[in-house]
Every structure is written in C-alpha cells, then in structure tokens.
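Okay, here's what each chain looks like letter by letter:
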Amino acid sequence: MEKKITVLSGDGIGPEIVREAIKVLDKIAHKYNHTFKYTYVDIGGCSIDKFGVPITDEGMEKCKGADSVLLGAVGGPKWDSCPPSIRPEKALLAVRKELGLFANLRPTKLFLQLADSSPLKQSVVGNGIDLMIVRELTGGIYFGERKTEEKNGEMYSYDVMSYYEHEIERIGRVAFDCAMKRNKKLASVDKANVLDTSRLWRKTMHRLSEEYPQVEYSDILVDNTAMQLIKNPAQFDVIVTENMFGDILSDEASMLTGSIGMMPSASLSSTTLGMYEPIHGSAPDIAGMNIANPIGTVLSAAMMLRYSFDMAKEADDIENAVNSVLNQNYRTSDIMQEGCRKLSCSEMGDMIAANI
Ligand code: NAD
C-alpha cells in the first residue's frame, strides 16, 4: 500500500522525536512492503522565522492533500511575545479547523514496567490503566459566542456553550465504534443535572446506544468522573465527552501514568485523514540534546496506521515493540529507573525499530 504522510516536525524536540517515529514507520514499510511518502512542512516557530506566519497556505494545502499528518510539537520561549494572531499554537487550531478534525482520541495506558512513575498508589494502579478518552474537538464553549463588556456599572463577560445534535451524534459514533474495537464499555460524561447542552448530549447518546447493544453504556457526571479517575481508573474503557470537559479530564488522565513522554494522541475527521501527535509540548529545556523520549510520537504513528490506514497488524507490531523494549529494561532519561539502561532519543528509536 502507498500512503502520503505530511510531516510537521515543528519546534524544540519536535524534529528529534519525529525522526525516530519515521525510523519506525520505515521499518514497518520494509516489513510489510508498504510505501510511505513523506512531505515535510514547517509549522509553529520555525515557520514564523522563515515565512512570518505559523503555517503557510501552501503548507496547509499539503496537509489537506495527504493521507494523514504526523506532528511533533510547536512553540517555545522565542515566540512567546509574538502577537496572538501569529502565535505558533494558531497553526494547530488552523489545521484542526481546515481538516475538520472533530474527534480527539487520547489513550491513557500505564505500562506496568513504569508503574512506579504513577503518582497513584500501587494498590490503585496495580491492575494497570488502559482507557481511551474521546473528546469532541470543534464545538462547545471554546467555539461559542463570547464577549466582555461594561454592564450595570461593572465589567461583564459571557461564553456560550452550544451543540447541534449532529455534532453530538458524530462524536458519539466515533466513541461507540472505538468501544467496539476495545473492551465494549463506554461512559458518556456530561453535566445533565445542570446544562441543557448536556441533556441533549445524553439523549443523543442514549439513542445511539440502541444501535450498539454489545456496548455496555453508562452516563456519568463530569465532577464524579474527575473523582473516579483518581479513585479507580481501571473501571474505565472508553470515555466520551464534550470539548471543555474532555480538555480537562484528558490532562488529568494522562498524568495518572506519570510519564508525559509516553502518551500519543489522534485527531480524526469524518474521512480517514487524521492528525497524530504526542500529548506533550516542544520541551525547549531539553531540545537539541538527543535525550527526549520519542515513545509518545512512535505510538502516535502506530495510531495513524490503525485509524487512518486500517493497518491494525502493523500498529500492533509497533506497540508490541515498545513493550518489548521496556521489558528489556531500556529507558530514556525521563523514565529512567534503577537497574535499567539509559538510551538517548535516537538509540530508543533504533531499539524500537530493531524490535519490529
Ligand atoms: P512540555 O510538554 O513541552 O514540557 C513539560 C516538561 O516535560 C518539560 O520538563 C519537558 O522537558 C518534559 N517533556 C516533555 N516532553 C518530553 C519528552 N518527549 N521526553 C522527555 N521529557 C519531556 O510543556 P511546556 O514546557 O509547558 O511547553 C513548552 C512549549 O510547548 C510551550 O511553548 C507550549 O506552548 C508548547 N506546547 C505545545 C504543544 C503542542 O505542540 N501540541 C502542547 C503543549 C505545549
């Protein structure tokens, strides 16, 4: 199979970690006789330096014309004082919007070899954590009308949270389909005791649940979810929720594993075109030192194979290779433990590729 991948390495450690993900993809291509064609596009600070904008129109077209997009990370102190309209993060929002990426998938998996890194007690995480948060990405309060004005002699602000039924239905389908491919358990998170948008959310999810009788479906309030994620994270398989709740809960969940360099993510559209990236930022403090952990990016590439290219076996190969490398006690410095051997970023990429 031949696939076109637009690569947005970005800033800081972005180019270092993306290089390792591509090393691993090339190994997969060789093993399964696929061809991955890479087109590199500047994004974020490096694009601002070269072109004065965080992504050019031409770069955006290359994203739209690809079969999928692989991103490192953008930003850094050098561009913190740029005007808001050309900040590095603007490019990410623009790509999400232009590609119609309405579904954000964030798996949170605790690798048992790294259980010591979790801030939770062994009695809580001992059985492992393996959950997927499906977050709606292009609606809700982040995209609603907002205003700050003077009213009744003082300042006054509002932000509107709104959802159409079709927006809820399409993210709901992504979540039910995802649950079908995992342990067939779905928790829909809302605040239906207070919000009208949540009541519509719940009604729509219930309607969808009738189409997926194999999925064990439940509703849970967002405040209770925040608590349950700490108390008993193993109870969850797939969680689906609206934009702002998902933003907050996915950060909370990712911290349960204690290792930000390990976590991948996918942003999906209504076609097979998606964008795949680690959840961390550009880590300017360690950029250029070849010590970053590339595993989050490598696992993002695995998600790309699974969700955009329908290459489940190839994705399994990458995930199994990561697991093997950890079992062989190889670590990057962020996840280093006593008795293990420390690898650089590029050595970790070599080791994962060698295990495929
Ligand atoms: P960060 O995630 O870049 O770094 C937080 C800490 O985690 C740092 O100590 C860093 O060294 C460490 N870290 C992160 N990734 C690592 C990895 N792969 N291996 C080893 N250690 C790793 O968050 P920050 O410092 O708050 O942000 C730095 C820059 O990244 C900012 O400009 C921010 O706006 C940007 N950012 C970008 C994205 C994105 O591109 N999607 C996301 C978050 C932050």
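Worth saying up front: this structure is predicted, and the values here are computed from it rather than measured.

Further remarks concern the domain arrangement of the protein chain. Annotation of the protein chain at the domain level lists domain 1 (1-105 + 259-356) and domain 2 (119-139 + 167-257). Centre-to-centre, using C-alpha coordinates, domain 1 lies 25 Å away from domain 2. Carbon and sulfur atoms supply 69% of the area that domain 1 and domain 2 bury against each other, a total of about 1,200 Å² over both sides. Among the residues of domain 1 in contact with domain 2, F102, N104 and L105 are the three that bury the most area, contributing 48% of the side total. Across the domain 1-domain 2 interface, the total number found is 0 salt bridges. When residues in the side of domain 1 that touches domain 2 are grouped by element, the largest group, 3 residues, is from strand β4 (residues 103-109). Tallied by class, residues from the side of domain 1 that touches domain 2 come to 9 nonpolar, 3 polar and 1 charged.

Below, the discussion takes up the sheet that holds strand β3 (residues 68-73). With mixed pairing, the 10 strands of this open sheet are ordered in space as β2-β1-β3-β12-β11-β4-β5-β10-β8-β9. Two strands close off the open sheet at either side, each with one partner strand: β2 (35-40) and β9 (216-221). The average undirected angle you get between the axes of adjacent strands in this sheet is 25°. In the sheet, strand β8 (residues 185-190) pairs with β9 via 6 bridges, with the strands oriented parallel. Among the inter-strand pairings, L186 is bridged to a residue of β9, identified as Y217. Sheet strands touched by helix α9 (residues 243-255): β4, β5 (130-136), β8 and β10 (238-241). Its angle to β5, the strand with the most contacts, is close to 155°.

Another aspect to go through is the packing of helix α1 (residues 14-32) against helix α11 (residues 312-327). One can describe the packing of α1 onto α11 by two numbers: an axis separation of 11 Å at closest approach and a directional angle of 130°. Considered as vectors, α1 and α11 are oriented oblique to each other. Considering how the two elements wind past one another, α1 and α11 form a crossing that is right-handed. Residues V24, I28, K31 and Y32 of α1 touch α11, and the partners they reach there are K313, E314, D317 and I318. Within the contact of α1 with α11, the residues separate by chemical class into 4 nonpolar, no polar and 4 charged.

What counts and what doesn't
- For every chain, the first residue of its written sequence is number 1, and the numbers climb from 1 along that sequence.
- Note on the predicted model: pLDDT of at least 70 is required for a residue's local features to be given, and 80 or more for side-chain atom pairs to be given and counted; whole-chain, interface and lining totals, by contrast, use all residues.
- Computation of side-chain values covers all heavy atoms of the structure but excludes hydrogens and water.
- Where a domain begins and ends is set by an automatic assignment or by a domain database.
- Summed over both partners, the accessible surface that disappears when two parts come together, traced with a 1.4 Å probe, is what is meant by buried area.
- The salt bridge definition used is simple: a Lys or Arg side-chain nitrogen within 4 Å of an Asp or Glu carboxyl oxygen.
- Here a helix means four or more residues in a row that DSSP labels H or I, a strand means two or more in a row labelled E, and each is numbered from the N terminus.
- Under the scheme applied, nonpolar residues are Ala, Val, Leu, Ile, Met, Phe, Trp, Tyr, Cys and Pro; charged residues are Asp, Glu, Lys and Arg; polar residues are all the others, including Gly.
- Pairing between two strands is assigned when DSSP locates at least 2 bridges connecting them.
- Only the stretch in contact is used when a helix axis is fitted, and all axes are lines through C-alpha atoms; the angle between N-to-C directions ranges over 0 to 180 degrees.
- Contacts were defined at the residue level, with two residues in contact if any of their heavy atoms lie within 4.5 Å.
- Angular relationships are summarised with four words: roughly parallel below 35 degrees, roughly antiparallel beyond 145, roughly perpendicular across 65 to 115, and oblique for the angles in between.
- In this scheme the handedness of a crossing depends on how the near helix is turned from the far one: anticlockwise by less than a right angle means left-handed, clockwise means right-handed.

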